[in-house]
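# Fold and geometry: a report
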Amino acid sequence: MTSTTHHPLEDGATEHYDVVVIGAGVSGLYALHHLRGMGLSVRVYDGAPEIGGTWWYNRYPGARVDGPSAPLYCYTFSDELVQEWDWTETQAAQPEVLAYVEYVADRFDLRRDIRLETWVQDARYDEATQRWTVETSTGLRASAQFVVCAVGALSVANKPDIPGIDDFGGECFHTGDWPQEPVSFSGKRVGVIGTGSSGVQSIPEIAKEAAHVTVFQRTPQYSVPARNRPLEPERLAEVRKNWDAIRAEMAAPPQGADFAPFPGNGRSAFEETPEQRHALYEELWQEGSLSFVAGNYPELLMSEEINREVSEFLRGKIRQVVRDPETADKLMPDYFYATKRPILDDGYYETFNRDNVTLVDLRQDPIETITSTGVRTATREHALDMLVLATGFDAITGSMLRLDPKGRGGVSLKEKWQSRFHNYLGMTINGFPNLFMIHGPGTPGVLYLMPLGAELETDWIANCVRYLRDQGLGAVEPTHDAEKTWDREVTELANKTLFPRTDSWYMGSNIPGKPRHFSVHLGGPGYFQRIVEVAAKGYEGFVFEEEHRAASTAG
Ligand code: N01
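Bear in mind that the values here come from a model prediction, so they are computed numbers and not experimental data.

## Overview of the overall build of the chain
Tallying secondary structure elements over the chain gives 18 helices and 20 strands in all. What you see for the chain is a C-alpha radius of gyration of 24 Å, in line with the 24 Å of a compact globule of 555 residues. Taking the principal axes of its C-alpha atoms as reference, the chain extends roughly 75 × 60 × 45 Å. Taken across its 555 residues, the chain has 59% of its residues classed as buried. Of all intrachain contacts in the chain linking residues separated by at least 6 positions in sequence, the fraction that spans at least 24 positions is 73%. Just so you have it, the chain exposes about 22,200 Å², and 49% of that area is on carbon and sulfur atoms. For the chain, the separation between the mean place of its 53 positive charges and that of its 79 negative charges on side chains is 2 Å.

Shown next, in the form of structure tokens:
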């Protein structure tokens, strides 16, 4: 492969690279490592003061991964890394994950190509030179043949449009943009709005310290015990010993199934008796963690009947824990389990047995306004010293729309995605040549192992770049028809499941006005097989452009 630029060239105020990566989180760091390793010049920009992306911002109390850190929530590309990093818990807490990401950056000498506190404010494609120009908040401008958007699937905090929200006089924090300085809840009356993963993780921690916690709940949620525990050295040693096989299994398509949002335990729910099924639910609940989903029947998300049974099982668990029947009633979820992102907790329902915790059911008693001193619901005023917004994210598409790149003819992504997120393979967009997304809408992203998914998508992007360079081509983009086919595929897979039946951030329905559109490719590991096949067929669905003369001198 030929690389036109090995070192940035100064050209007035513009620096020239082969690739600009936007975002220095888990995905962006791997993209830098891999693309730089191919001999490309790469620059990473991130608006945050430090690397880590999601793990930098989400430092609220109780934040931790909810899959096993080893082997599932970690990079897989380096055997040495697997041998070197000692995870201490089965589900690492945010400080440990951030320390790991920082270790990776130092271990692979990534920082020298990262510019922090540098927001990309504009990214624009020039058809004549076949290059992108990126303008940043520091005044620095860069030009690159390729842009890789590693902007995060859950990185644009959703500040709810509640009347009076800016009038609150106390401290106010969003879980997805938590302050760097320690936050004290001691002696304070804290209101938490939102009971998704962030609320469910933080509420028990806040309640241990605060004078009083008022939980404002709009939709009751199912949650399963995380059962996090110290990671036994023997378990870590076993993972290390069997690493090759484990990694291969993580990336392998499910056996005998073309489609598996969660492959399940290989047993059919319909071939077992209700007693056998109940025994499995109990066993999985005792095991805790996302095993409750991963080890469940494959019909969990496909069959109303099975899902209702599982949902009722979980409601029974809430009734067993919560002592006050009225509070327990308010906590009863009524959607199909796991059609919203499954939640894990450490004592969430138990928290409602505490004297210093009150639950407000916003469906019965909606918020009228936030005042300077608290929250006023239809029935009363709740005096508060602190407000915690655990109100989630403009997920999956939000970070790309915030970036709003301008493609051919200056057409913006916001214009292109007005009604749907048209793209191909979840990674490329017609009209936006040489631009790639990691964990974009239409990838398995948030429903797969995110670090491994980022690696596999980056590897695909890197191969595409290599192909283009090897062939002496200047630009690549998907066809309009390929996008239509991809949209159909994503939608058809979703329609085989119960997911579209529930309002969730997967559907975009948590953001007022956002098009309702299921945004995850449910192929799981099969997706990665699929994209490799596309490449093997000569990048089916893509068009390549000859390299323009002007471009070859630009970089
Ligand atoms: O956000 P959410 P999150 N008035 O969107 C409520 C990942 N994550 O930050 O359900 C009142 O799930 C909203 O109510 P409703 C994980 O993938 C992972 O908790 O829309 N309430 C809901 O209760 C997760 O799924 C971990 O009716 C309002 C809550 O706010 C994703 O991030 C930890 C409201 C938002 O829940 C997002 O989780 C944390 C309003 N105006 C997060 N607007 C791990 O463990 C919203 N709500 C790895």
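## Considerations on helix α15 (residues 450–470)
Relative to the 30 Å expected for 21 residues at 1.5 Å per residue, α15 spans 30 Å between its end C-alpha atoms, a close match to the ideal helical length. Most of α15 sits inside the fold, with 15 of its 21 residues counted as buried.

## Thoughts on the sheet that holds strand β10 (residues 212–217)
As summarised here, the arrangement of the 5 strands in space is β8-β17-β9-β10-β13, forming an open sheet in which the pairing is parallel. Each of the sheet's edge strands pairs with one partner strand only, and the pair in question is β8 (171–174) and β13 (357–361). Strand after strand, the sheet turns through a mean of 15° between neighbouring axes, direction not considered. The pairing of β8 with strand β17 (residues 386–389) spans 4 bridges and is classified as parallel. Residue pairing in the sheet places cysteine 172 in a bridge with leucine 387 of β17.

## Some points on the nonpolar core
If you look at the biggest cluster of nonpolar residues, it comprises 73 residues, and the most contacted ones within it are Leu35, Leu425 and Trp460. At 9 residues, the largest contribution of residues to this core is made by α15. Residues contacting leucine 35, with those up to four places away along its chain left out, are Val19, Val21, Leu40, Val42, Val148 and Ala462. Membership of the second largest hydrophobic core comes to 35 residues, among which are Ile306, Ile396, Leu493 and Leu522.

## Here's the deal with unusual backbone geometry
Residues other than glycine seldom take positive phi values, yet isoleucine 396 does so here, at roughly 65°. For isoleucine 396, the location among the structural elements is in the loop between β17 and α13 (398–403). Accessibility expressed as a relative area gives 4% for isoleucine 396, which makes it buried.

## Brief notes about the pairing of strand β15 (residues 374–377)
Note that strand β14 (residues 367–370) and β15 share 3 bridges and pair antiparallel. Within β15, the residue paired with isoleucine 367 across the bridge is threonine 377. What sits between β14 and β15 in their antiparallel hairpin is a turn of 3 residues. Pairing of β15 with strand β16 (residues 381–383), which is carried by 3 bridges, proceeds in the antiparallel orientation. Across the sheet, glycine 374 pairs through a bridge with alanine 383, a residue of β16. Count of turn residues in the β15/β16 antiparallel hairpin: 3 residues.

## Quick word on the sheet that holds β15
Across a sheet, strands are paired by hydrogen bonds formed along the backbone, either parallel or antiparallel in direction. Judged by pairing direction, the sheet is antiparallel, and its 3 strands sit side by side in the order β14-β15-β16 without closing on themselves. Either end of the sheet is taken by a strand with one partner, and the two such strands are β14 and β16. Between one strand axis and the next, the sheet turns through 20° on average, direction left out of account.

## Topic: the environment of tyrosine 73
Here tyrosine 73 lies in the loop between α2 (54–57) and α3 (79–84). Remark: the alpha-carbon pair of tyrosine 73 and alanine 92, spanning 19 residues in sequence, is separated by 8.9 Å. Within the local environment of tyrosine 73, its side chain forms a polar contact with the side chain of tryptophan 55, the two groups lying 2.9 Å apart.

## A closer look at the packing of aromatic side chains
In the structure shown here, the tally under the stated rule is 37 aromatic pairs. Consider the rings of tyrosine 222 and tyrosine 337, whose centres lie 5.4 Å apart with planes at 85°: the pair is edge-to-face. Remark: tyrosine 337 occurs in the loop between α11 (325–330) and β12 (343–345) and tyrosine 222 occurs in the loop between β10 and β11 (223–225); sequence separation between them is 115 residues. Here the two residues tyrosine 222 and tyrosine 337 agree in accessibility, since each one is buried. When the centroid spacing of 5.8 Å and the interplanar angle of 55° are considered together, the rings of tyrosine 281 and phenylalanine 313 count as tilted. With a gap of 32 residues between them, tyrosine 281 in helix α8 (residues 274–287) and phenylalanine 313 in helix α10 (residues 304–321) connect regions that are remote in the sequence.

## A closer look at the site of the ligand
Taken together, 24 residues sit near the ligand, with Thr195, Ser198, Gln201, Arg218 and Thr219 positioned nearest. One of the backbone N or O atoms of threonine 195 is found 2.9 Å from an oxygen atom in the ligand. Taking glutamine 201, its side chain carries an N or O atom lying 2.9 Å from an oxygen atom of the ligand. In the complex, 88% of the free accessible area of the ligand, which totals 910 Å², lies under the protein chains. Within the shell around the ligand, the residues separate by chemical class into 10 nonpolar, 9 polar and 5 charged.

## Focus on helix α17 (residues 525–536)
Look at α17: 17 Å from first C-alpha to last across 12 residues, which is about the 16 Å you get at 1.5 Å a residue. When α17 is considered as a whole, its buried residues turn out to be Pro525, Gly526, Tyr527, Phe528, Ile531, Val534 and Ala535. Looking at the packing, one finds that the buried side of α17 touches α7 (243–251), α15, α16 (480–495) and β20 (542–546). Of the residues trailing α17, glycine 538 is marked for its positive phi of about 70°.

## Points about the pattern of salt bridges
Counted under the stated rule, the structure contains 41 salt bridges. For arginine 111, the salt bridge goes to aspartate 106, with nearest N and O atoms at 2.7 Å. Exposure remark for arginine 111: the relative accessible area of 29% places this residue in the partly exposed category. The partner of aspartate 109 in a salt bridge is arginine 112, with the nearest N and O atoms 2.7 Å apart. Accessibility expressed as a relative area gives 40% for aspartate 109, which makes it partly exposed. Linked through salt bridges whose partners overlap, the residues forming this network are Glu15, Arg36, Arg43, Asp109, Arg112 and Asp113.

Conventions adopted
Residues numbered from 1 in each chain as written. Predicted model: local features only at pLDDT ≥ 70, side-chain atom pairs only at ≥ 80, totals over all residues. Heavy atoms only, no water. Helix = DSSP H or I, 4+ residues; strand = E, 2+ residues; numbered from the N terminus. Rg over C-alpha atoms; globule rule 2.2 N^0.38 Å. Buried < 20%, exposed > 50% of the residue type's maximum accessible area, 1.4 Å probe, protein only. Contact = heavy atoms within 4.5 Å. Areas by Shrake-Rupley, 256 points an atom, 1.4 Å probe, with all protein chains shown as cover. Lys, Arg positive; Asp, Glu negative; His and termini not counted. Charge placed at Lys NZ, Arg CZ, Asp CG, Glu CD. Expected span 1.5 Å × (residues − 1). Pairing = 2+ DSSP bridges. Axes fitted to C-alpha atoms, helices over the stretch in contact; angles between N-to-C directions. Core = buried A, V, L, I, M, F, W, Y, C linked by side-chain atoms within 4.5 Å. Polar contact = N/O pair within 3.5 Å; in protein donor to acceptor, adjacent residues only side chain to side chain. Phe/Tyr/Trp six-rings, centres within 6.5 Å; stacked < 30°, edge-to-face > 60°. Near = heavy atom within 4 Å. Nonpolar A, V, L, I, M, F, W, Y, C, P; charged D, E, K, R; others polar. Salt bridge = Lys/Arg side-chain N within 4 Å of Asp/Glu carboxyl O.

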